[in-house]
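# Coordinates in review
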Amino acid sequence: MGLIQILIKDPFSFFILSVLLLYSVIFHELAHGWVAYKMGDSTAKWLGRLNLNPVKHLDPFGSLMLLIVGFGWAKPVPVNLENIPTDKRRKGIILVSAAGITANIIFAFVALLLMRLLSVESSGMAGQVLILLAHINIILAAFNLIPIPPLDGSKILMGFAPASVNRALNQIEPFGFFIVIGLLFLHVLDPVINLLQRVILAVISVFLP
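Throughout what follows, the structure given in this document is the object of discussion. (Residues numbered from 1 in each chain as written. Predicted model: local features only at pLDDT ≥ 70, side-chain atom pairs only at ≥ 80, totals over all residues. Heavy atoms only, no water.)

### Some words on the nonpolar core
Of all hydrophobic cores here, the largest spans 38 residues; its most connected members are Leu-17, Ile-146 and Ile-204. Listed in part, the 8 residues of the second largest apolar core include Ala-31, Val-35, Met-39 and Ala-99. (Core = buried A, V, L, I, M, F, W, Y, C linked by side-chain atoms within 4.5 Å. Buried < 20%, exposed > 50% of the residue type's maximum accessible area, 1.4 Å probe, protein only.)

Here you go:
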């Protein structure tokens with residue numbers, strides 16, 4: 001069941017789901033800033049981004065896309081890796097970049113866990129809301145794992161890769177958004193996203209009772 005169908009059938013559930021989905025995106029960005037802060041970079045804190053106020057995080061077009069098609073984005077949380085001590089910088093870029101993906105995986109896990117613990121029927125409205133919430137968070141996590149700038153996966157790769165690979169990724173980054181959009185439009189990334197979704201779901205399933 002998609003968002004439009006939920007709106008038509010149950011406006012209250014649509015409102016609840018919309019809030020949950022918006023905060024899925026917000027928590028993704030908040031996690032980046034929080035981990036960066038713990039690593040020594042206070043940029044996000046100085047700019048008031050370490051809070052749950054949607055106004056601080058939401059991108060108007062990204063929010064509209066989220067509500068219409070179930071996939072969107074928030075304003076990226078600014079991170080300055082130069083503020084992280086040199087000896088922790090490589091570790092910092094990995095942890096900061098992985099934080100948003102981890103937040104989405106946790107959201108998906110909690111949604112599926114609630115279904116199990118509360119014995120929610122998947123055919124009911126509550127079940128459909130939880131399934132859709134888990135599904136979208138898994139998609140967000142899988143999508144961001146793709147190692148193409150500016151996605152988080154590219155930053156994680158940079159944390160492990162040699163300087164030559166990092167230079168190549170930095171050269172691609174100004175055009176990365178258009179590359180990603182083009183690959184999505186051509187459905188080139190579909191097999192990769194589907195594979196990553198299956199892997200994430202398999203990992204989540206290990207921890208479900």
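Structure's up, so let's keep going.
### Points about a nonpolar patch on the surface
A surface patch of nonpolar side chains, amounting to about 460 Å² of accessible area, comprises Ile-106, Val-110, Leu-114, Leu-117 and Leu-118. With respect to the secondary-structure elements, Leu-114 resides in helix H6 (residues 89-117). (Patch = residues over 30% accessible without salt bridge, like charges linked within 9 Å, V, L, I, M, F, W, Y side chains within 5 Å. Areas by Shrake-Rupley, 256 points an atom, 1.4 Å probe, with all protein chains shown as cover. Salt bridge = Lys/Arg side-chain N within 4 Å of Asp/Glu carboxyl O. Helix = DSSP H or I, 4+ residues; strand = E, 2+ residues; numbered from the N terminus.)

### A few points about the side chain of His-28
Counting through the fold element by element, His-28 comes out in helix H2 (residues 11-39). Classification of His-28 as buried rests on a relative accessible area of 6%. At a separation of 2.7 Å, a polar atom in the side chain of His-28 contacts the side chain of Asn-104. Dropping the residues within four chain positions of it, His-28 is found in contact with Gly-100, Ile-101, Ala-103, Asn-104, Asn-144 and Asp-152. (Polar contact = N/O pair within 3.5 Å; in protein donor to acceptor, adjacent residues only side chain to side chain. Contact = heavy atoms within 4.5 Å.)

### Digging into the packing of aromatic side chains
Taken as a whole, this structure holds 3 aromatic pairs when the rule is applied. Taking 6.4 Å as the distance between ring centres and 55° as the angle between the ring planes, the aromatic pair formed by Tyr-23 and Phe-27 counts as tilted. On the criterion of helical spacing, the pair formed by Tyr-23 and Phe-27 is a turn pair, its members being 4 residues apart in helix H2. Look at Phe-27 and you get partly exposed, because its relative accessible area is 29%. Here the aromatic rings of Phe-177 and Phe-178 are separated by 5.8 Å at their centres, their planes lie at 80°, and the arrangement is edge-to-face. For Phe-178, a relative accessible area of 60% translates into the label exposed. Three or more aromatic residues joined by ring pairs make a cluster, and in this case those are Tyr-23, Phe-27 and Phe-107. (Phe/Tyr/Trp six-rings, centres within 6.5 Å; stacked < 30°, edge-to-face > 60°.)

### Here we look at the side chain of Asp-152
You can see Asp-152 is positioned in helix H8 (residues 152-160). For the buried residue Asp-152, which engages in no salt bridge, the nearest side chain bearing the opposite charge is Lys-155, 6.4 Å off. (Lys, Arg positive; Asp, Glu negative; His and termini not counted.)

### Some remarks on the pattern of salt bridges
Within the structure shown, the criterion is met by 2 salt bridges. Note that Glu-173 and Lys-155 form a salt bridge whose closest N and O atoms lie 3.2 Å from each other. Within this pair, whereas Glu-173 is found in helix H9 (residues 163-185), its partner Lys-155 is found in helix H8, the two being separated by 18 residues in sequence.

### Description of H9
Side chains three or four residues apart in an α-helix point the same way, a direct result of the helix having 3.6 residues per turn. Taking 1.5 Å of rise per residue, the 23 residues of H9 would be expected to cover 33 Å, and the 31 Å separating its terminal C-alpha atoms lies within 8% of that figure. Among the residues of H9, those classed as buried are Asn-166, Leu-169, Gly-176 and Val-180. A positive phi of about 65° marks His-187, the residue just after H9. (Expected span 1.5 Å × (residues − 1).)

### A short note on the packing of H2 against H6
Following both chains from N to C, one finds H2 and H6 inclined at 155°, their axes separated by 8 Å at the closest point. Here H6 runs roughly antiparallel to H2, going by the angle between their axes. Judged by the twist between their axes, the crossing of H2 over H6 is right-handed. Residues Leu-20, Tyr-23, Ser-24, Phe-27, His-28, Ala-31, His-32, Val-35, Ala-36 and Met-39 of H2 lie in contact with H6, whose contacting residues are Lys-91, Gly-92, Leu-95, Val-96, Ser-97, Ala-99, Gly-100, Ile-101, Ala-103, Asn-104 and Phe-107. Of the residues in the contact of H2 with H6, the class split is 13 nonpolar, 7 polar and 1 charged. (Axes fitted to C-alpha atoms, helices over the stretch in contact; angles between N-to-C directions. Parallel < 35°, antiparallel > 145°, perpendicular 65-115°, else oblique. Left-handed = near helix turned anticlockwise from the far one by under 90°. Nonpolar A, V, L, I, M, F, W, Y, C, P; charged D, E, K, R; others polar.)

### Overview of the packing of H8 against H9
Orientation of H8 relative to H9, taken along the N-to-C sense of each, is 155°, at an axis distance of 9 Å. The orientation of H8 with respect to H9, classified from their angle, is roughly antiparallel. Between H8 and H9 lies a crossing whose hand is left-handed. Side by side, H8 and H9 meet where Ser-154, Lys-155, Leu-157 and Met-158 of the first sit next to Asn-166, Leu-169, Asn-170 and Glu-173 of the second. Tallied by class, the residues present in the contact of H8 with H9 amount to 3 nonpolar, 3 polar and 2 charged.

### Focus: the environment of Phe-160
Assignment of secondary structure puts Phe-160 in helix H8. Residue Phe-160 is classed as exposed on the basis of its relative accessible area, which comes to 62%. For the pair formed by Phe-160 and Arg-90, sequence separation is 70 residues and the distance between their alpha carbons is 7.6 Å. Apart from the residues within four sequence positions on either side, Phe-160 is in contact with Arg-90 and Ile-94.

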